[in-house]
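# Coordinates in review
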Protein chains: 2
Amino acid sequence: MESDRRRRPTLDTVAAAVGVSRATVSNAYNRPDQLSSSLRERILETARSLGYAGPDPVARSLATRSSAAVGFMLPQGLSGAFSDPALSIVLDGLASTVDGHDHSLVLMPGDATGGPRPSIVSRAQADVMVAYSLPDLAPALDAVAARGLPLVVIDQPVLPDSARVEVQDYTGASAAAAHLLGLGHLRFGVLTFALHPDGVSGPVSHERRSAVPFRVSRDRLGGYLDTLEKGGVKPDNVPVWEARGSDRELGRLGARWLMTRTPRPSALLCTSDQLAFGALQAARDLTLTVPGDISVVGFDDVPEAAYSDPPLTTVRQPLADKGRRAGELALELLAGGRPPRPTRLDVSLVERASTAPRT
Amino acid sequence: MESDRRRRPTLDTVAAAVGVSRATVSNAYNRPDQLSSSLRERILETARSLGYAGPDPVARSLATRSSAAVGFMLPQGLSGAFSDPALSIVLDGLASTVDGHDHSLVLMPGDATGGPRPSIVSRAQADVMVAYSLPDLAPALDAVAARGLPLVVIDQPVLPDSARVEVQDYTGASAAAAHLLGLGHLRFGVLTFALHPDGVSGPVSHERRSAVPFRVSRDRLGGYLDTLEKGGVKPDNVPVWEARGSDRELGRLGARWLMTRTPRPSALLCTSDQLAFGALQAARDLTLTVPGDISVVGFDDVPEAAYSDPPLTTVRQPLADKGRRAGELALELLAGGRPPRPTRLDVSLVERASTAPRT
DNA sequence: CAGCATGACTGAAGCGCTTCAGGAGCGCTA
DNA sequence: TAGCGCTCCTGAAGCGCTTCAGTCATGCTG
């Protein structure tokens with residue numbers, strides 16, 4: 001079994017078998033124009049019959065100083081992460097971009113600290129890292145810096161020397177709040193995903209609202225609350241529930257709490273569509289009608305938002321573009337480019353049937 | 001900028017700075033017991049001040065002939081893949097297992113062929129591959145074989161020399177069908193995810209039902225149809241809709257078609273919970289009640305199945321275990337073990353409120 | 001004090017590949 | 001036929017690390 005692994009053919013094996021130099025065999029794979037096509041054919045044929053599957057990726061990476069992979073760092077474990085389709089869409093955009101350039105994707109799931117363990121990051125074979133929604137000051141980010149790897153940041157910490165793609169979270173949230181205000185609502189509730197990476201769900205105390213390490217949460221919550229305040233609604237009178245993740249079930253739980261406050265809010269602002277879907281479910285549980293008894297708005301505009309019952313009023317952000325852009329940036333940095341100015345993608349309010357004037 | 005990358009310190013840099021041999025510096029990182037702790041401290045300290053972030057992962061991989069990564073091959077692109085929480089759960093189980101052993105996860109999304117492109121597989125830096133639900137004969141599998149990498153297969157092709165973890169799909173499907181038969185149903189419809197990797201959705205013709213390359217689809221569909229036949233229901237009289245993926249929206253589409261056949265089926269068998277949720281939605285769209293007008297059963301028992309409206313009768317499979325087991329197998333193969341006998345996980349029917357006797 | 005473990009460190013041989021400065025051969029031109 | 005520019009191929013120097021067989025003091029035993 002030792003010999004199993006040891007006996008694998010290498011470039012030299014093939015070179016010897018064909019009777020050419022190792023460089024020539026290498027060229028057969030990487031620079032077809034450097035040798036006659038007949039020789040190339042002969043080399044490839046011999047390689048095949050020897051069971052040689054092409055240049056070893058690791059050795060090639062060492063020699064070229066490039067591992068042709070982009071690392072993707074997540075704030076959470078995978079199951080939590082993918083319960084929100086927003087991430088899948090972003091990741092798909094990213095994956096198809098880098099895949100098209102023959103790069104692969106190394107996933108680094110996070111743990112309780114709100115990011116991957118630094119040791120994972122130090123050992124990851126990737127030559128550019130993408131940070132997705134990590135909290136400010138995540139240790140993983142130090143590990144990236146220590147390795148001197150180029151970094152592209154989606155949606156989160158503002159770091160020197162990193163490429164960024166983000167979305168007008170504050171503006172979008174603000175528009176959603178203004179929409180509700182415009183409909184005459186006076187009593188609100190806010191349902192947000194994690195403000196802190198500690199895995200806590202529950203009503204949000206005053207101090208927990210400040211110093212929020214997740215920028216996205218901070219901006220959306222801020223956009224909601226500031227706008228309400230400008231509209232004459234005291235933030236202190238707005239109950240806020242923090243769900244530790246962004247999925248329906250957690251949303252349902254939080255919404256139930258919000259919908260049973262006295263007096264009951266007539267409008268709910270949610271920081272994601274998933275949470276909003278949970279809220280729709282909670283309303284059904286409580287036999288409240290949406291938007292009759294209570295208006296609900298989401299954030300993201302995932303495809304399903306158009307089909308929910310009722311269809312969701314939400315803030316659209318271009319998720320696939322976000323991923324694609326991140327992929328492009330990663331590739332650019334890899335090519336030696338300096339981080340360009342941050343890409344800021346637009347958001348827009350999509351009015352559907354889950355909001356209505358206060359009755 | 002050239003120099004930026006070139007100037008990165010290496011083991012030698014640190015060795016020279018401290019005045020020891022390179023081997024000693026290497027030992028400082030990998031075998032603390034091989035040197036005095038005071039020297040080790042000094043080395044680490046110097047490394048830090050030099051901006052050396054630890055041994056280069058690629059070089060280390062080459063020297064150790066191990067890249068400490070497991071490759072994960074998917075049948076589809078990422079966005080489609082993750083719209084079904086079942087995959088997230090499996091992947092999370094896998095990720096936490098391998099992560100615990102300091103291995104990382106390389107994702108290889110598939111394309112229209114039903115698996116990752118072979119070139120991606122040939123170049124992936126992983127020393128064991130796991131195939132998730134790939135179709136039989138996927139080209140990616142040849143690429144794995146060509147490289148001589150150990151392989152663990154989840155849910156799909158039966159390959160010589162691979163470790164396997166699978167689920168009693170046929171048995172589970174059969175139990176679901178028997179349950180419905182026992183409730184007195186006579187007219188059925190089947191809603192399945194992809195039978196073929198060609199991205200086609202629609203009613204399933206007779207020939208398309210045979211030679212199904214996805215084993216899971218084959219077994220579940222077979223389990224449904226065979227059991228119905230034994231119960232006296234001709235498979236040819238059972239309309240089958242194939243959705244190209246496993247998400248709600250596709251399920252809703254297919255279910256709408258199935259629910260508008262004449263005569264209308266009184267029971268729907270779905271190959272996944274996501275499709276079943278779509279069916280629940282379709283019923284609402286058509287103002288049919290579940291289970292009053294039509295019974296619906298799913299497959300997987302994802303967490304949400306317990307909370308849907310109505311809660312879903314479904315076939316439970318241990319998703320997280322599946323992922324964990326795959327991770328363990330991968331690690332075992334890496335350690336040089338031979339593929340053990342296939343792990344077959346049990347399924348069981350969970351009766352909830354989406355099925356009822358025929359009225 | 002000879003003999004011998006033991007602990008601490010080193011030299012050098014790889015790991016499998018890419019790349020670049022040439023060299024050899026060959027058909028053209030002037 | 002000298003000279004030139006091609007095309008096709010090679011030699012050798014790395015890429016940054018691990019590992020294993022030693023070497024060299026040092027302290028301990030009998």
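In this text, all values refer to a predicted model and were calculated from it rather than measured experimentally.

## Examining unusual backbone geometry
Here the residue pair D309 of chain A and P310 of chain A is connected by a cis peptide bond, since its omega of -5 degrees sits within 30 degrees of zero. By secondary structure assignment, the location of P310 of chain A is in the loop between β10 (295-300) and β11 (313-316). Put simply, T262 of chain B and P263 of chain B share a cis peptide bond, and its omega is -5 degrees. Assignment of secondary structure puts P263 of chain B in the loop between α13 (248-259) and β9 (267-270). A positive phi angle is found at D155 of chain A, which is not glycine, with a value near 70 degrees. Its place among the elements puts D155 of chain A in the loop between β4 (151-154) and β5 (163-167). A positive phi angle, near 55 degrees, is found at R65 of chain B, a position not held by glycine.

## Description of the relation of the copies chain A and chain B
Superposing chain A onto chain B requires a rotation of 180 degrees together with a translation of 0.0 Å along the rotation axis, leaving an RMSD of 0.1 Å. Taken together, the turn and the small shift mark the pair as related by a two-fold rotation axis. Measuring from the rotation axis to each C-alpha of chain A, the shortest distance belongs to V106 of chain A, at 2.2 Å. Looking at the interface residues of chain A, 100% of them are also at the interface in chain B, so both copies use one shared face.

## Quick look at the interface of chain A and chain B
Each partner contributes residues to the interface: chain A has 52 residues there, and chain B has 52 residues. Between chain A and chain B lies a buried interface of about 4,500 Å² when both sides are counted; carbon and sulfur atoms form 54% of it. The largest per-residue losses of area from chain A upon contact with chain B belong to P57, Q125 and Y307 of chain A, which jointly make up 12% of the total buried on that side. Summed over the shared surface of chain A and chain B, the result is 6 salt bridges.

## Points about the packing of α13 of chain B against helix α14 (residues 273-285) of chain B
Residues and elements named next belong to chain B. Following both chains from N to C, one finds α13 and α14 inclined at 55 degrees, their axes separated by 7 Å at the closest point. By the angle between their directions, the pair α13 and α14 is classed as oblique. As α13 runs across α14, the sense of the crossing is right-handed. Contacts between α13 and α14 involve R248, L250, G251, R252, A255, R256 and M259 on the former and, on the latter, Q274, L275, F277, G278, A279, Q281, A282, A283 and D285.

## Looking at the nonpolar core
Within the largest apolar cluster, 154 residues are counted, with the highest numbers of intra-cluster contacts made by F72, V152 and L269 of chain A together with F72, V152 and L269 of chain B. Setting aside residues up to four positions removed in sequence, L269 of chain B forms contacts with A176, A177, L180, F188, G189, V190, L191, Y224, L228 and V297 of chain B. In this structure, V106 and L151 of chain A together with V106 and A131 of chain B belong to the second largest nonpolar core, which totals 38 residues.

## Here's the deal with the pattern of salt bridges
Enumeration according to the criterion identifies 50 salt bridges over all chains in this entry. Here D102 of chain A makes a salt bridge to R117 of chain B, at a shortest N to O gap of 2.7 Å. Pair noted here: D102 of chain A is in the loop between α7 (85-100) and β2 (104-108) and R117 of chain B is in the loop between β2 (104-108) and α8 (118-123), and the two residues belong to different chains. Since its relative accessible area comes to 33%, D102 of chain A is described here as partly exposed. A salt bridge links R352 of chain B to D301 of chain B; the nearest nitrogen and oxygen atoms lie 2.4 Å apart. Residue R352 of chain B is located in the segment after β13 (348-350), and its partner D301 of chain B is located in the loop between β10 (295-300) and β11 (313-316); the two are separated by 51 residues in the primary sequence. Classification of R352 of chain B by relative accessible area gives partly exposed; the value is 23%. According to the relative accessible area criterion, D301 of chain B is buried, its value standing at 14%. Through salt bridges that share partners, D169, R215, D219, R220 and D300 of chain A make up one connected network.

## Points about the side chain of S266 of chain A
Residue and element names in this part refer to chain A. Its place among the elements puts S266 in the loop between α13 (248-259) and β9 (267-270). Here the side chain of S266 touches H185 through a polar contact of 2.6 Å, side chain to side chain. Discounting residues that sit within four places of it in the chain, S266 has contacts with H185, L186, R187, D293, I294 and S295.

## Considerations on the protein's contact with DNA strand D
Neighbouring DNA strand D are 26 residues; T24 of chain A together with L11, R22, S26 and Y52 of chain B lie closest to it. Restricting attention to atoms of DNA strand D within 4 Å of the protein, one finds that 67% of them are sugar or phosphate atoms. Between a phosphate oxygen of DNA strand D and a main-chain N or O atom of S21 of chain A, the distance comes to 2.9 Å. At a separation of 2.5 Å, a phosphate oxygen of DNA strand D approaches a polar side-chain atom of Y52 of chain B. When contributions to the surface near DNA strand D are tallied by element, the ones reaching two or more residues are α3 (22-30) and α5 (57-64) of chain A together with α3 (22-30) and α5 (57-64) of chain B.

## Side note on the UniProt feature "domain: HTH lacI-type" (unreviewed entry) in chain A
UniProt records the feature "domain: HTH lacI-type" (unreviewed entry) at residues 9-64 of chain A, using the numbering of this structure. Counting secondary structure, residues 9-64 of chain A comes out at 70% helix and 0% strand; the distance between its end C-alpha atoms is 21 Å.

## Describing the sheet that holds β11 of chain A
All names here are of chain A. An order of β7-β8-β6-β9-β10-β11-β13 is seen for the 7 strands of this open sheet, with the pairing classed as mixed. In the strand order of this sheet, the two ends are held by β7 (202-203) and β13 (348-350), each with one partner. Here β11 runs beside β13; their pairing, made up of 3 bridges, is antiparallel. Residue pairing across strands places R316 opposite S348, the latter belonging to β13.

## Some remarks on α5 of chain B
All of the buried residues in α5 of chain B are P57, V58 and S61 of chain B. Considered in projection along α5 of chain B, the buried side chains sweep an arc of 100 degrees and stay on one side of the axis. Here the buried face of α5 of chain B lies against α5, α8 (118-123) and α9 (139-147) of chain A. Of the residues that open α5 of chain B, the one with a side-chain oxygen 2.9 Å from the backbone nitrogen of V58 of chain B is D56 of chain B. Once α5 of chain B finishes, R65 of chain B follows within two positions and takes phi at roughly 55 degrees, a positive value.

## Considerations on the pairing of strand β3 (residues 128-132) of chain A
Residues and elements named next belong to chain A. Burial analysis of β3 places 5 of its 5 residues in the buried class, the great majority of the element. Every second residue of β3 is oriented toward a common face, with V128, V130 and Y132 on one face and M129 and A131 on the other, all of them buried. Summarising the sheet, strand β1 (residues 69-73) and β3 pair through 4 bridges and their orientation is parallel. Counterpart to G71 in the pairing with β3 is M129. Bridge count between β3 and β4: 4 bridges; the pairing is parallel. Paired with M129 across the two strands is L151, which belongs to β4. Viewed along the sheet, the connection from β3 through α9 into β4 turns out right-handed.

Analysis parameters
Residues numbered from 1 in each chain as written. Chains lettered and ligands numbered in written order. Predicted model: local features only at pLDDT ≥ 70, side-chain atom pairs only at ≥ 80, totals over all residues. Heavy atoms only, no water. Helix = DSSP H or I, 4+ residues; strand = E, 2+ residues; numbered from the N terminus. Least-squares fit on C-alpha atoms with pLDDT ≥ 70 in both. Contact = heavy atoms within 4.5 Å. Buried area = accessible area lost by both parts, 1.4 Å probe. Salt bridge = Lys/Arg side-chain N within 4 Å of Asp/Glu carboxyl O. Axes fitted to C-alpha atoms, helices over the stretch in contact; angles between N-to-C directions. Parallel < 35°, antiparallel > 145°, perpendicular 65-115°, else oblique. Left-handed = near helix turned anticlockwise from the far one by under 90°. Core = buried A, V, L, I, M, F, W, Y, C linked by side-chain atoms within 4.5 Å. Buried < 20%, exposed > 50% of the residue type's maximum accessible area, 1.4 Å probe, protein only. Polar contact = N/O pair within 3.5 Å; in protein donor to acceptor, adjacent residues only side chain to side chain. Near = heavy atom within 4 Å. UniProt positions renumbered as here; feature names shortened; annotations may be inferred. Pairing = 2+ DSSP bridges. Arc of directions from axis to C-beta. Right-handed = clockwise from strand over helix to strand, strands pointing away.

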